[in-house]
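Structure at a glance
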Amino acid sequence: MGAITQYTKLHHTNADILALKAGNYLLLGGNYKNRIPAINKQLKIKRYQKSKLTSQ
């Protein structure tokens, strides 16, 4: 247990961003105060496309 937390710390990344890149567009639980700014940051630096976040 804790493998995702360990991986994100080791690689200086964010689990939510990894989930989005993997195609998980449904964010569950957790601290939304950290999640939303992390996602917005990725959108601003163009590492992720906003169009992928919109519902189809």
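Overview of the structure.

Basis of the calculations
- Residues numbered from 1 in each chain as written.
- Predicted model: local features only at pLDDT ≥ 70, side-chain atom pairs only at ≥ 80, totals over all residues.
- Heavy atoms only, no water.
- Helix = DSSP H or I, 4+ residues; strand = E, 2+ residues; numbered from the N terminus.
- Buried < 20%, exposed > 50% of the residue type's maximum accessible area, 1.4 Å probe, protein only.
- Expected span 1.5 Å × (residues − 1).
- Arc of directions from axis to C-beta.
- Contact = heavy atoms within 4.5 Å.

**Description of the overall build of the chain**
Helix and strand content of the chain: three helices and zero strands. Going from N to C terminus, the chain has its helices and strands arranged as α-α-α. By residue count, 18% of the 56 residues in the chain fall in the buried class.

**Section: helix α3 (residues 32–44)**
With 13 residues, α3 extends 18 Å between its outermost C-alpha atoms, agreeing within 8% with the 18 Å of an ideal straight helix rising 1.5 Å per residue. Turning to α3, its buried residues are R35, A38, I39, Q42 and L43. In a view along the axis of α3, the buried residues occupy a sector of 140°, so they form one face of it. Exposed residues pointing more than 90 degrees away from the buried face of α3 are listed as K33, K41 and K44. Summarising the contacts, the buried residues of α3 are in contact with α2 (15–21). Taken from the residues just after α3, K46 is the one with a positive phi, measuring 60°.

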